[in-house]
Amino acid sequence: MARAFKKFLPMFDRVLVERFAPELKTKGGIMIPEKAQGKILEATVVAIGNGARIQSGEVVPVSVKVGDKVLLPEYGGTKVTLEEKEYFLFRDGDILGKFES
Amino acid sequence: MARAFKKFLPMFDRVLVERFAPELKTKGGIMIPEKAQGKILEATVVAIGNGARIQSGEVVPVSVKVGDKVLLPEYGGTKVTLEEKEYFLFRDGDILGKFES
Amino acid sequence: MARAFKKFLPMFDRVLVERFAPELKTKGGIMIPEKAQGKILEATVVAIGNGARIQSGEVVPVSVKVGDKVLLPEYGGTKVTLEEKEYFLFRDGDILGKFES
Amino acid sequence: MARAFKKFLPMFDRVLVERFAPELKTKGGIMIPEKAQGKILEATVVAIGNGARIQSGEVVPVSVKVGDKVLLPEYGGTKVTLEEKEYFLFRDGDILGKFES
Amino acid sequence: MARAFKKFLPMFDRVLVERFAPELKTKGGIMIPEKAQGKILEATVVAIGNGARIQSGEVVPVSVKVGDKVLLPEYGGTKVTLEEKEYFLFRDGDILGKFES
Amino acid sequence: MARAFKKFLPMFDRVLVERFAPELKTKGGIMIPEKAQGKILEATVVAIGNGARIQSGEVVPVSVKVGDKVLLPEYGGTKVTLEEKEYFLFRDGDILGKFES
Amino acid sequence: MARAFKKFLPMFDRVLVERFAPELKTKGGIMIPEKAQGKILEATVVAIGNGARIQSGEVVPVSVKVGDKVLLPEYGGTKVTLEEKEYFLFRDGDILGKFES
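Residues numbered from 1 in each chain as written. Chains lettered and ligands numbered in written order. Predicted model: local features only at pLDDT ≥ 70, side-chain atom pairs only at ≥ 80, totals over all residues. Heavy atoms only, no water.

In the nomenclature of an unreviewed UniProt entry, chain A corresponds to 10 kDa heat shock protein, mitochondrial from the organism Sinanodonta woodiana. Quoted verbatim from the Sequence similarities (unreviewed entry) field of the UniProt record, the comment on chain A reads "Belongs to the GroES chaperonin family." (UniProt positions renumbered as here; feature names shortened; annotations may be inferred.)

(A) View of the overall build of chain A. Of regular secondary structure, chain A possesses one helix and nine strands. Starting at the N terminus, the α and β elements of chain A follow one another as α-β-β-β-β-β-β-β-β-β. When its C-alpha atoms are laid out on the principal axes, chain A stretches across 55 × 25 × 25 Å. Buried positions account for 43% of the 101 residues belonging to chain A. Accessible area for chain A stands at about 5,900 Å²; split by element, carbon and sulfur atoms hold 55% of it. One way to put it: in chain A the 16 positive side-chain charges average out to a point 4 Å from where the 14 negative ones average out. (Helix = DSSP H or I, 4+ residues; strand = E, 2+ residues; numbered from the N terminus. Buried < 20%, exposed > 50% of the residue type's maximum accessible area, 1.4 Å probe, protein only. Areas by Shrake-Rupley, 256 points an atom, 1.4 Å probe, with all protein chains shown as cover. Lys, Arg positive; Asp, Glu negative; His and termini not counted. Charge placed at Lys NZ, Arg CZ, Asp CG, Glu CD.)

(B) Summary view of the interface of chain B and chain A. Each partner contributes to the interface: chain B provides 18 residues, whereas chain A provides 18 residues. Counting the surface lost from both chain B and chain A, the interface buries some 1,500 Å², and carbon and sulfur atoms represent 58% of this. Summed over the shared surface of chain B and chain A, the result is one salt bridge. In this structure, the salt-bridge partner of Arg 53 of chain B is Glu 58 of chain A, at a minimum N-O distance of 3.8 Å. Counting across the interface, chain B meets chain A through five residue pairs in polar contact (both at pLDDT 80 or more). Put simply, the parts of the chain that give the side of chain B that touches chain A at least two residues each are helix H1 (2-7), strand S1 (8-10), strand S7 (78-82) and strand S8 (85-91) of chain B. By residue class, the composition of the side of chain B that touches chain A is nine nonpolar, three polar and six charged. (Contact = heavy atoms within 4.5 Å. Buried area = accessible area lost by both parts, 1.4 Å probe. Salt bridge = Lys/Arg side-chain N within 4 Å of Asp/Glu carboxyl O. Polar contact = N/O pair within 3.5 Å; in protein donor to acceptor, adjacent residues only side chain to side chain. Nonpolar A, V, L, I, M, F, W, Y, C, P; charged D, E, K, R; others polar.)

(C) Up close: the relation of the copies chain B and chain A. Screw-axis analysis of chain B against chain A gives a translation of 0.0 Å along the axis, an RMSD of 0.0 Å, and a rotation angle of 51°. By residue overlap, the copies meet through two different surfaces: only 11% of the interface positions of chain B are interface positions in chain A. (Least-squares fit on C-alpha atoms with pLDDT ≥ 70 in both.)

(D) Region of interest: the relation of the copies chain G and chain A. Between the two copies, chain G and chain A, the superposition gives an RMSD of 0.0 Å; the rotation angle is 51° and the shift along the axis is 0.0 Å. The overlap is low: 17% of the interface residues of chain G also sit at the interface in chain A, so different surfaces are used on the two sides.

(E) Looking closely at the interface of chain G and chain A. Facing 18 residues of chain G, the contacting portion of chain A comprises 19 residues. When chain G packs against chain A, the two sides together hide about 1,500 Å² of surface, and 58% of this comes from carbon and sulfur. Inspection of the region where chain G meets chain A yields one salt bridge. Joining chain G to chain A, the criterion identifies five residue pairs in polar contact (both at pLDDT 80 or more). Considering every element that reaches the side of chain G that touches chain A, the biggest residue donor is strand S9 (residues 97-99) of chain G, with three residues. In the side of chain G that touches chain A, the residues fall into seven nonpolar, five polar and six charged.

(F) Highlighting the pairing of strand S2 (residues 14-19) of chain D. Residue and element names in this part refer to chain D. With six of six residues buried, S2 lies mostly within the body of the structure. On S2, burial covers both faces: Arg 14, Leu 16 and Glu 18 on one face and Val 15, Val 17 and Arg 19 on the other are all buried. Both S2 and strand S8 (residues 85-91) contribute to a ladder of four bridges, which runs antiparallel. From the neighbouring strand, Val 17 faces S8, where its bridge partner is Phe 88. (Pairing = 2+ DSSP bridges.)

(G) Quick peek at unusual backbone geometry. A positive phi angle, close to 65°, is found at Glu 84 of chain B, a residue other than glycine. Overall, Glu 84 of chain B belongs to the exposed group, its relative accessible area being 66%.

(H) Quick peek at the pattern of salt bridges. Residue and element names in this part refer to chain B. Inspection of every chain in the model, using the stated rule, returns 49 salt bridges over all chains. A salt bridge links Asp 13 to Arg 91; the nearest nitrogen and oxygen atoms lie 2.7 Å apart. Remark: Arg 91 occurs in strand S8 and Asp 13 occurs in the loop between S1 and strand S2 (14-19); sequence separation between them is 78 residues. Here Glu 86 makes a salt bridge to Lys 79, at a shortest N to O gap of 3.6 Å. Taking relative accessible area as the criterion, Glu 86 reaches 45% and is therefore assigned partly exposed.

Printed below as a string of structure tokens:
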């Protein structure tokens, strides 16, 4: 997997994330059917762009780093398939927040 | 609850708020059915972002602080669920005002 | 009422106004039914924000002050209920004009 | 009438105008029915705002002055009733031109 | 006609033009019925504004002068009637080009 | 034809082009019916404007010159008829590319 | 093919790409019918523009170079046919990312 992230560089302020795996069981241990598994909004940053240029001409670095756990908006983002695995590209400014460890 | 706010950092000019609990009884002590409970627009700020960058390149800090009591607009905001509790993210500029104590 | 205005601070360039009471009688003394009472567009400013930041980074103070009598646009504004009384929030730039005394 | 204009100050780049009275007779002296009287687009400026702030932070004064005869666009403007008389507010930039005497 | 142009001053970057008269006959001398006369897009500039202020605060003069023969876009422009004659106002930037003599 | 180009000056960043003549025969020499002749996207620049003013106040010259062979977008552009010949006006920024010889 | 790229220069921040050839067989060697061949989003950069001018007046070079392997968005881009071969033009900012070798 590390290989994939070394090989793909998002452009500008784009951030490549991998969504967390869905929870397959309830806390009580009961299997959750796929339809009842909500959309996963937590994700791990796996690659970041070099930042976008703002109107002043300055390039602003993205505000997350590889490995950050982030909260995604419910809509938006672009699905990309790299080495048969599903990732998502979000603009840095569309990421809602990050979870500190 | 404090733990949740330590762990989630909203991005840019986003503000995480927790709405006040709905009033369950009238002043006269009569139970208010859930349907008759209006949308709660008062909320407490529980986490704030580091501010958004404006066109001049400057990062503008958000104008509310954790603990502030604020008035929310009737529409807008993004519901986020953190540790099974419901919060809302609003852009700093969409918050209508704050209540001074 | 003064207490309410001390306690609520509009954000940025928002202005809290209280509309004038509707006229209940004609000049000739005849009662005006509620339906025939036009929308009240005159209002008194009861609280103002600290001003909005423009693109140059500068914060521009609002152009009305508490106590000003203003003319509101027919549409727009946000109704807010503070201490069971109805007020309206308008952006400074949406207020049409003020009445000098 | 002068009293009204002393008392109402349009905000920012707004201009208060009074439309010319409609022509009630043809040049030949025949009465023109109200329906056939076209929309009056000529108006007299009766009050002006202090100007609007542009992005550079500078306040730009309006480009007409009280007493100017102006040509209004066919659509737009906000009707305001001051002391039971009908006026119109236009943004300075929406006024098409002025008539020099 | 000169009198009309002296008396009306377009505002900002507006340009007052008079469309060329439609061609009433073919080159072969046959009358062209009114319906078959195409929309006249050639016009003469009869009055110009003082220019529009751009974001930097600078006032940019219009790029045509009185007497210029210009090509108008097929749509847009505002018809104005001055002294019972029909003119059109266009923004300087909407004029497609000018014919050099 | 040269006369036409000397006489018409496009405004600002507009570029006057003449589309290439459609190919009337296949390489094998078979006539192509008019309906099957695709839209011609290659064109020759025949006149250019003096450039458009950007927000900084600077006038940016157009990036093509008279005689350049260019690729046009499939949609857009304004048809203009000069001396009974058909040309098209495009904004400099809408031209897709140029062919180097 | 090299000849084509020498001859066509995209304008501004446009990037000319050639999509990868579709995979015609599965890894197991089975032919993939054309309908089942997904849209090819990987492409090779074959020509780049000189960059776009931003509001500050500065020209920003494109961020990919000829030969780069890039990931395209699923929608957008302009198909261009050069010497009977199909290419696509994308704005530099619309390219999702590049693959490092």
